[in-house]
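Spelled out, the chains give:
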Amino acid sequence: MSFGDPDRTTPPSGGTLAPARPAPPLALGEEVNEECGVFGVWAPGEEAARLTYFGLYALQHRGQEAAGIASTDGSKILVYKDLGLVSQIFDDGTLSSLTGHLSVGHVRYATQGAGTWENAQPMLGPAAGSTLALTHNGNLTNTRELMEAVHRTSGEDLTGELGRGSSTDTAVIAALMELVSQRGRLDAWDYDAVDADTPLYLPVTDADAAPPLSISATARRVLPLLRGAFSLVFMDEHTLYAARDPHGVRPLVLGRLQRGWVVASESAALDILGAAFVREIEPGELIEIDADGVRSTRFATPRRAGCVFEYVYLARPDTRIAGTSVIAARNAMGAALAREHPVDADLVIATPESGTPAAIGYAQASGIPYGQGLVKNTYVGRTFIQPTQTLRQLGIRLKLNPVREVIAGKRLIVVDDSIVRGNTQRALVRMLREAGAAQVHVRISSPPVLWPCYYGIDFATRAELIATGMSVEEIRDSIGADSLGYLSVDGMVAASGQDADALCTACFTGNYHTATPTTGPLPGAPAARVPGAYRRRRADTDAAPVPAAPRRVTRPDLSAGSPHRAPADPEAATSSGADAASARHAVTPADPAPEGAVR
């Protein structure tokens with residue numbers, strides 16, 4: 001498949017010319033950036049694209065850079081995707097054009113690949129004589145090795161989404177599906193290589209089947225090649241598919257509509273459609289949904305390592321993961337934090353919205369009243385306005401405003417979910433002091449973030465993580481708080497309601513359940529298209545980040561927290577959218593090279 005010559009300046013016959021892309025949005029504050037959200041629906045007699053639209057609305061917190069929907073009426077697949085929020089990209093006219101009873105959708109935050117239109121999902125690709133629309137939540141750790149195999153198999157002339165400029169691991173999966181469906185296996189791939197996950201994958205039952213393979217048979221051969229975290233939702237013209245990696249790092253659930261089925265990243269997305277929760281897609285499971293019903297195949301033996309940060313921050317509080325209510329887990333984390341790091345104070349407040357459930361739990365366990373000391377501007381968070389010095393100085397004030405009548409003269413306990421670089425907490429403490437707070441005690445409902453995440457969370461590089469080079473006391477001094485306490489790893493795990501060996505805590509402990517990625521650029525990828533996992537964030541260097549050895553990391557004393565100190569001198573504390581471009585692509589099984597937008 002190809003959209004034609006990327007250097008063309010005129011649209012192909014029947015296509016449309018996409019306008020210039022806006023600059024990447026400015027992220028205000030210092031939030032942990034979510035990964036992605038996936039959604040799929042098979043519902044005869046329903047407008048599946050509209051159901052997907054509302055499902056993506058419920059998953060918007062998982063990605064705000066781009067969104068897309070693919071739908072089919074059984075004869076062709078239509079895709080509409082763009083940069084921006086779901087509400088900015090789709091309108092009634094757009095949704096009316098996405099006809100059919102089968103649809104998949106995606107909201108994206110870039111963890112691999114730049115935040116460009118070419119990397120928005122769903123990804124399209126030919127496979128088994130059909131067209132595939134693929135969405136992915138997670139992050140592969142062996143993208144480099146897979147890309148090398150794709151190059152050796154297909155040569156330097158890349159087709160599909162890779163040929164159109166995508167630099168994501170999702171595009172690599174789409175390329176694998178095309179090649180394996182045509183050839184039955186991936187040439188030059190070392191099928192005899194063994195790693196820690198190799199024993200989890202089950203033998204292919206139809207290994208002797210001759211190509212071209214069906215989508216189902218292709219998936220059962222491609223999925224065992226992948227390493228890392230993947231929750232996939234994809235479709236052809238007739239069938240909806242969903243698959244989850246053997247560790248179940250990212251959540252994926254199955255729901256029942258009156259006239260169909262739904263799969264989604266979180267159970268909250270089922271609720272918005274009135275769909276009944278059926279069960280989780282199990283780790284190592286591939287399901288297929290079509291007119292013949294729901295079929296389940298195991299491609300791997302499960303070895304659970306669900307992301308604990310889903311409970312801390314990523315998932316919506318009204319979601320359930322592995323049978324545990326997320327809001328209940330966050331309340332329990334706050335209560336454990338109160339037991340581990342008590343302090344005399346007048347009021348508990350939250351850094352909204354992510355710190356609210358833990359703050360309520362802290363207040364309930366400590367007996368200290370809870371109050372709303374900060375008001376969040378719901379409509380600020382990501383903006384297409386370019387940063388200026390004035391905007392940088394405003395910083396956190398664009399998002400949060402203290403309620404002086406609530407906090408003046410009070411000894412405050414401020415509860416937040418995490419500290420990444422420390423910039424937000426530093427500004428927040430200063431702002432609260434300026435508003436009249438007598439003391440500011442910071443409590444964090446998770447342990448210090450010490451290690452990068454390779455499974456789909458866009459944490460800072462190790463050099464930017466404040467906890468890798470400072471003790472808790474040094475961090476407290478850096479942010480200007482009167483005291484600082486982190487929740488212990490054991491307290492966090494217990495609050496999640498899961499067994500410790502069923503969770504991934506790598507960003508806190510450095511204990512990764514898979515091999516970490518090989519550093520360096522992808523083979524044959526232009527520098528501008530090198531996935532973000534292999535590029536430093538700073539524009540002034542191309543050096544790939546290399547994790548520091550454990551012995552070089554200063555690990556905070558989690559049990560001691562930081563000592564209480566006298567209130568800081570208030571005077572010292574005081575001193576101290578453009579319209580998005582869009583493109584729609586129509587694909588039919590008979591068209592190996594569909595027409596679409598020219599970049």
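For the structure itself, look to the data block above.
In this text, all values refer to a predicted model and were calculated from it rather than measured experimentally.

Q: How should I be thinking about the environment of M147 in this particular structure?
A: Looking at where M147 falls in the secondary structure, it is placed in helix α4 (residues 143-154). Its relative accessible area of 4% is what places M147 among the buried residues. A C-alpha to C-alpha distance of 9.8 Å links M147 and A171, two positions 24 residues apart in sequence.

Q: Would you take a moment to explain the nonpolar core for this structure?
A: A general feature of soluble globular proteins is that nonpolar side chains tend to end up buried together. Grouped together as the largest cluster of nonpolar side chains are 46 residues, with contacts concentrated most on F309, V348, Y362, I413 and V415. Among the secondary structure elements, those contributing two or more residues to this core are α9 (309-314), α10 (326-340), β18 (347-350), α11 (356-366), β22 (411-416), α16 (489-496), β25 (503-504) and α17 (506-509). Sorting elements by how many residues they give to this core places α10 first, with 6 residues. Those residues in contact with V415, other than ones at most four positions away along the chain, are L337, V348, I349, A350, T351, G355, A358, A359, Y362 and R443. By size, the runner-up hydrophobic cluster in this structure holds 39 residues, among which are A149, L176, Y201 and L286.

Q: Is there a simple way to think about the environment of Y362 in this case?
A: In this structure, Y362 sits in helix α11. Placed 12 residues apart in sequence, Y362 and A350 show a C-alpha to C-alpha distance of 9.9 Å. Beyond its immediate chain neighbours, meaning those up to four positions away, Y362 contacts G334, A335, L337, A338, H341, P342, V343, V348, I413, V415 and R443. Of the polar contacts made by the side chain of Y362, one reaches the backbone oxygen of H341; its length is 2.8 Å.

Q: Just checking my understanding: could you explain the sheet that holds strand β24 (residues 483-486) for this structure?
A: Remark on secondary structure: sheet strands pair via backbone hydrogen bonds, oriented parallel or antiparallel. Spatial ordering of the open sheet is given by β18-β22-β23-β24, a layout of 4 strands whose pairing is parallel. Because the sheet does not close on itself, it has two edges, and the strands there are β18 and β24. Shown here is a sheet whose adjacent strand axes are inclined to one another by a mean of 20°, direction ignored. Two elements, β22 and strand β23 (residues 439-444), share 6 bridges in a ladder whose sense is parallel. Counterpart to L412 in the pairing with β23 is V440. Contacts from helix α14 (residues 423-434) reach β18, β22 and β23, with the element oriented near 150° to β23. Here helix α15 (residues 472-479) sits on the sheet and contacts β23 and β24; the angle it forms with β24, its principal contact strand, is near 130°.

Q: Help me out: how do you make sense of the side chain of E310 in this one?
A: Mapped onto the fold, E310 is located in helix α9. Within the local environment of E310, its side chain forms a polar contact with the side chain of R62, the two groups lying 2.9 Å apart. Beyond its immediate chain neighbours, meaning those up to four positions away, E310 contacts E35, R62, R250, P251, A315, I321, V326 and R330.

Q: Looking at this model, I keep getting lost on the pairing of β24. Mind explaining?
A: Side chains on a regular strand alternate between the two faces of the sheet. Side-chain alternation along β24 places S483 and G485 on one buried face and L484 and Y486 on a second face that is also buried. In the sheet, β23 pairs with β24 via 4 bridges, with the strands oriented parallel. Within β24, the residue paired with I444 across the bridge is Y486.

Calculation rules
- Residues numbered from 1 in each chain as written.
- Predicted model: local features only at pLDDT ≥ 70, side-chain atom pairs only at ≥ 80, totals over all residues.
- Heavy atoms only, no water.
- Helix = DSSP H or I, 4+ residues; strand = E, 2+ residues; numbered from the N terminus.
- Buried < 20%, exposed > 50% of the residue type's maximum accessible area, 1.4 Å probe, protein only.
- Core = buried A, V, L, I, M, F, W, Y, C linked by side-chain atoms within 4.5 Å.
- Contact = heavy atoms within 4.5 Å.
- Polar contact = N/O pair within 3.5 Å; in protein donor to acceptor, adjacent residues only side chain to side chain.
- Pairing = 2+ DSSP bridges.
- Axes fitted to C-alpha atoms, helices over the stretch in contact; angles between N-to-C directions.

Interpretation in functional terms is not warranted from these geometric data alone.
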